[in-house]
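Single-letter residue listing:
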Amino acid sequence: MENIRIERDSLGEIEVKKDAYYGANAQRALDNFHITGKDMDPFFVEAIVEVKKACAIENNKVGILSDKKKDAIVSACDKILAGEFLDNFVVDPIQGGAGTSFNMNVNEVIANIANELLGGGLGTYEHIHPNDHVNKGQSTNDVIPSAGKIAIIRYINELKIEVKNLITSFDKKAKEFDSYVKMGRTQLQDAVPIKLGQEFTAYSKVISRDYERLDAAIKQLSYLNLGGTAIGTGLNADGRYIKEVVPTLKEICDLDLSQADDLVDATQNLDCFLFASSVLKTLASNLSKIANDLRLLSSGPTTGISDYNLPAKQAGSSIMPGKVNPVIPEVVNQVAFLVIGNDMTVTMAVEGGQLELNAFEPIIFYSIFESIKSLKGAINTLYTNCIDGITSDKEKLEKRVENSIAIITPFAPHIGYDKSSKVAKESLRTGTPIREILIRDGIMTTEEIDKILDYEKMTKPGILDEDHINKD
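Because the structure is a prediction, the values reported are computed rather than measured. (Residues numbered from 1 in each chain as written. Predicted model: local features only at pLDDT ≥ 70, side-chain atom pairs only at ≥ 80, totals over all residues. Heavy atoms only, no water.)

Next up on the list: the overall build of the protein chain. Across its full length, the protein chain carries 18 helices and six strands. A globule of 472 residues ought to have a C-alpha radius of gyration of about 23 Å, yet the protein chain, at 31 Å, is considerably larger. Counting over 472 residues, the protein chain shows a buried share of 50%. As displayed, the protein chain offers around 22,100 Å² of accessible surface, 51% of which is attributable to carbon and sulfur atoms. Averaging the positions of the 52 positive and the 68 negative side-chain charges in the protein chain gives two centres separated by 4 Å. (Helix = DSSP H or I, 4+ residues; strand = E, 2+ residues; numbered from the N terminus. Rg over C-alpha atoms; globule rule 2.2 N^0.38 Å. Buried < 20%, exposed > 50% of the residue type's maximum accessible area, 1.4 Å probe, protein only. Areas by Shrake-Rupley, 256 points an atom, 1.4 Å probe, with all protein chains shown as cover. Lys, Arg positive; Asp, Glu negative; His and termini not counted. Charge placed at Lys NZ, Arg CZ, Asp CG, Glu CD.)

Here you go:
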């Protein structure tokens, strides 16, 4: 008993660790929610403490919180933001109650720190009360989503750095491989020539669009329902406070935040989180497609496609000596699967909201945080351990193009589709190169063939030579 204290809440008495800065509400959450076994996300903790700081400052400005209480709360918040007391945020990330347990965990920790600053003891709340002062003018229902949005925005800003680095990596490879002509493929079959650099440019372009979508997600997340309290009507909050609390929070967070124009809408509808999740899913899907290409086109090294070589990063087998696997694209694929699954979780949670509140924000934030952090790691290892080190054999690629029956395609406008098809079939049947058949059968001269097989011209729009087009 000497290591515990007794606290009381609306449900009665409960034992709390004597030296804990959390209180009865957090303790009940500890007892109720043994779910993930993980700590609360640090960005989430930082954001909600910033919200509490802004609320205290604004409540003081409008005259409903004394200077003494405001200063104590702000000082407590600053200590947490400086890295102190973080081990007292003990509730599981996934919890019932729309995040009330987390909100009260924060209120209790701030209140206890502030009480100590004012000469009080832990769990007494004689100077600063978790509900009456730290949570003044607030509800879980406007605090939690506002803090969650701030945390997600910060994570997306970090993700953007990695996405930009990946784009730069693709652009460098596109430039390096600009003169490497290879056989393009559709439906896994030989199609027409393309530059290896063009494939990497295409990767850069699609990820660049993802970068723009991340900015769009940030914009949607930048509108907060803070000030709306329980259901968006602002009940129990001062009217002046409601109007000014978000601008105060904006200054504290150094983010371009605004208050939603309809707080009821912003409280009950969470489509902005689904939009952000869908942007992450799109990025993940594009990364996974690229990873699929990397694994396929590097397959081999002797019996696969092997258009290029990925950097060897680790031994690929415990039984097959010398085997090296495409481990970096493989982990990117797996992260994509995770993100896509998380998006489904977010989808169901957003859809599952009822009436004036969605109670499922904890799982929404847990899923989105996990997606962003996993994508950050996957993208970083993709460009540092894979893309930057890709090599290719230019002569081997061009030789494959020359020996492919698909090289007949640029001749079709000149000799006709049917004749081209016959030449291709004979080449496939006999193994005789297209060029030899065209010359042997007097269909084209060496000079005419060389003019058509101008790979620089073939890999750009407008490849037809009007002097050689079959006009019959």
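Next comes the rest of the account.
All right, on to the packing of aromatic side chains then. Overall, the coordinates contain 14 aromatic pairs when judged by the stated rule. Judged by centre distance (4.2 Å) and plane angle (25 degrees), the ring pair of F43 and Y155 falls under stacked. Separated by 112 residues along the polypeptide, F43 in helix α2 (residues 42-61) and Y155 in helix α6 (residues 140-176) bring together distant segments of the chain. Centroid distance F273 to F365: 5.1 Å. Interplanar angle 80 degrees. Geometry classified as edge-to-face. Linking F273 in helix α10 (residues 271-297) with F365 in helix α12 (residues 361-385), this pair joins segments that are 92 residues apart in sequence. In this structure, F273 and F365 share a single accessibility class: buried. Connected via pairs of aromatic rings, a cluster forms that spans F43, F44, F102, Y155, F273, F365 and F369. Here the basic side chain of K164 rests over the ring of Y211, its NZ or CZ set 4.6 Å away from the ring centre. (Phe/Tyr/Trp six-rings, centres within 6.5 Å; stacked < 30°, edge-to-face > 60°. Lys NZ or Arg CZ within 6 Å of the ring centre and 35° of its normal.)

Relative to the helices and strands, D142 is located in helix α6. For the buried D142, which has no salt bridge, the nearest side chain bearing the opposite charge is K52, at an N-O separation of 7.3 Å. A polar contact is formed between the side chain of D142 and the backbone nitrogen of S139, at a distance of 2.9 Å. D142 has contacts with G137, N225, L226, G227, G228 and T229, leaving out every residue within four places of it along the chain. (Salt bridge = Lys/Arg side-chain N within 4 Å of Asp/Glu carboxyl O. Polar contact = N/O pair within 3.5 Å; in protein donor to acceptor, adjacent residues only side chain to side chain. Contact = heavy atoms within 4.5 Å.)

Attention now moves to the pairing of strand β2 (residues 12-17). Alignment of strand β1 (residues 4-9) against β2, held across six bridges, turns out to be antiparallel. Within β2, the position partnered with D9 by the bridge is G12. Counting the residues that bridge the hairpin from β1 to β2 gives two residues. (Pairing = 2+ DSSP bridges.)

Attention now moves to α6. The end-to-end C-alpha separation of α6 is 54 Å, in line with the 54 Å expected for 37 residues at 1.5 Å each. Of all 37 residues in α6, 27 are buried; the element is thus mostly enclosed. (Expected span 1.5 Å × (residues − 1).)

Bringing the nonpolar core into the picture now. In a soluble, globular protein the nonpolar side chains are often hidden away together inside. One finds F200 and I207 to be the most contacted residues of the largest nonpolar core, which totals 119 residues. With 15 residues, the single largest contributor to this core is α6. Residue-level mapping places this core at the junction of two domains, with at least three residues from each of domain 1 (4-136) and domain 2 (142-392). Apart from residues no more than four positions distant in its own chain, I207 is found in contact with V163, L166, I167, F170, L283, N286, L287 and I290. Judged by nonpolar contacts, the second largest core, of 19 residues, contains A406, F411, V423 and I452. (Core = buried A, V, L, I, M, F, W, Y, C linked by side-chain atoms within 4.5 Å. Domains from an automatic or database assignment.)

Right, let's talk about the packing of α6 against α10 for a bit. Closest axis-to-axis distance for the α6/α10 pair is 12 Å, and the angle between their directions is 25 degrees. Taken together, the axis directions place α6 and α10 in an arrangement best described as roughly parallel. Like other packed secondary-structure pairs, α6 and α10 cross with a definite hand, here left-handed. Counting all contacts with α6, which are made through P145, K149, I152, L159, V163, L166 and F170, the residues of α10 involved are C272, F273, L280, L283, L287 and I290. Split by residue class, the contact of α6 with α10 holds twelve nonpolar, no polar and one charged. (Axes fitted to C-alpha atoms, helices over the stretch in contact; angles between N-to-C directions. Parallel < 35°, antiparallel > 145°, perpendicular 65-115°, else oblique. Left-handed = near helix turned anticlockwise from the far one by under 90°. Nonpolar A, V, L, I, M, F, W, Y, C, P; charged D, E, K, R; others polar.)

Partitioning the protein chain into domains gives domain 1 (4-136), domain 2 (142-392) and domain 3 (404-468). Here the C-alpha centre of domain 3 lies 76 Å away from the C-alpha centre of domain 1.

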